[in-house]
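Residue-level structural notes
The lines below spell out each chain.
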Amino acid sequence: MKEIKVRRSIRTFIEDKKVSRESMETLIRAAMQAPSAMNRKPWCFMVIDEEEVMKKLMQHPSFTGKIKEAKAFILVLADLEKATCRLFHQDLAAATQNILLEATHMGIGSYWIGVYETDNRLEAVKEIFNLPTNIEPFSLVALGYPKSEDDFYFRDNFDASLIKYNGWE
Ligand SMILES: Cc1cc2nc3c(=O)[nH]c(=O)nc-3n(C[C@H](O)[C@H](O)[C@H](O)COP(=O)(O)O)c2cc1C
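Residues numbered from 1 in each chain as written. Predicted model: local features only at pLDDT ≥ 70, side-chain atom pairs only at ≥ 80, totals over all residues.

Time to look at helix α4 (residues 88-105). The end-to-end C-alpha separation of α4 is 26 Å, in line with the 26 Å expected for 18 residues at 1.5 Å each. As for α4, its buried residues are in contact with α1 (2-6), α2 (21-32), β1 (43-48), β2 (72-79), β3 (109-114) and β4 (135-144). One or two residues past the end of α4 sits G107, with phi positive at roughly 75 degrees. (Helix = DSSP H or I, 4+ residues; strand = E, 2+ residues; numbered from the N terminus. Expected span 1.5 Å × (residues − 1). Contact = placed C-beta atoms within 7 Å.)

This is the structure in structure tokens:
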């Protein structure tokens with residue numbers, strides 16, 4: 001699939017091009033299509049696209065560097081009341097990856113910012129958004145339109161030496 005090949009972590013974006021709410025919903029629809037252990041779907045999502053709110057994240061000491069260039073974010077969250085299967089973090093990773101692939105398909109640049117299990121960011125996000133105790137942040141996806149179509153490019157990561165067939169030897 002083309003999107004898997006050309007997806008890149010894109011961290012610089014066109015300054016004055018926002019990501020519409022409609023596009024954000026399409027991205028979250030993709031997230032919700034992810035596989036989920038025991039079909040618990042333990043996720044919920046927060047769209048962060050208002051300048052004042054984004055500033056709270058961007059100016060927090062736990063988030064530095066390129067994050068200031070993002071035009072919007074999707075915060076991928078676990079609802080611990082639904083996360084009754086021990087594999088639930090894997091569901092959230094699959095949902096996050098679906099967002100990145102759908103974004104690539106739509107020509108939107110994106111990158112995954114790890115929140116779970118980083119002590120400082122996990123606490124920072126809980127505090128900034130005043131999350132209830134049953135809602136735990138997992139990842140933050142930064143979004144925007146890339147400065148060039150060439151920012152989506154194929155870098156071949158294939159390494160045949162990492163594959164074993166039917167056993168370790
Ligand atoms: C769990 C996870 C956490 C990540 N956290 C960050 C991050 O905090 N900041 C960042 O700039 N990139 C982050 N990335 C993106 C990686 O740096 C990136 O995927 C890697 O360098 C490979 O580049 P590519 O995505 O273009 O293939 C993260 C990726 C994953 C999967």
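This part takes up the environment of L57. Position of L57 relative to the elements: it lies in helix α3 (residues 51-58). Along the backbone, L57 and R121 are 64 residues apart, and their C-alpha atoms lie at a distance of 9.8 Å. Apart from the residues lying within four places of it in its own chain, the contact partners of L57 are I48, F63, I67, F73 and I128.

Next up on the list: the site of the ligand. The local shell around the ligand consists of R8, S9, R11, Y111, W112, I113 and G114. Among the residues forming the shell around the ligand, the class breakdown is three nonpolar, two polar and two charged. (Near = placed C-beta within 6 Å. Nonpolar A, V, L, I, M, F, W, Y, C, P; charged D, E, K, R; others polar.)

Cis geometry marks the peptide bond from Y116 to E117; its omega dihedral reads -5 degrees. Along the chain, the position of E117 falls in the loop between β3 and α5 (119-128). The backbone of K41 shows a phi angle near 45 degrees, a positive value even though the residue is not glycine. Structurally, the position occupied by K41 is in the loop between α2 and β1. In the Ramachandran plot, N130 falls in the positive-phi region, its phi being about 50 degrees despite a non-glycine side chain. In this structure N130 comes out as exposed when scored by C-beta crowding, with 6 C-beta atoms within 10 Å. (Buried ≥ 20, exposed ≤ 12 C-beta atoms within 10 Å, placed from the backbone.)

We now examine the sheet that holds β4. Judged by pairing direction, the sheet is antiparallel, and its four strands sit side by side in the order β1-β2-β4-β3 without closing on themselves. With partners counted over all chains shown, the strands left at the sheet margins are β1 and β3, one partner each. Across the sheet, the mean angle from the axis of one strand to that of its neighbour is 25 degrees, orientation sign disregarded. Sheet analysis places β2 next to β4, joined by eight bridges and oriented antiparallel. The residue of β4 that forms the bridge with V76 is S139. Contacts from α4 reach β1, β2, β3 and β4 within the one sheet, and its direction differs from that of β4 by about 15 degrees. (Pairing = 2+ DSSP bridges. Axes fitted to C-alpha atoms, helices over the stretch in contact; angles between N-to-C directions.)

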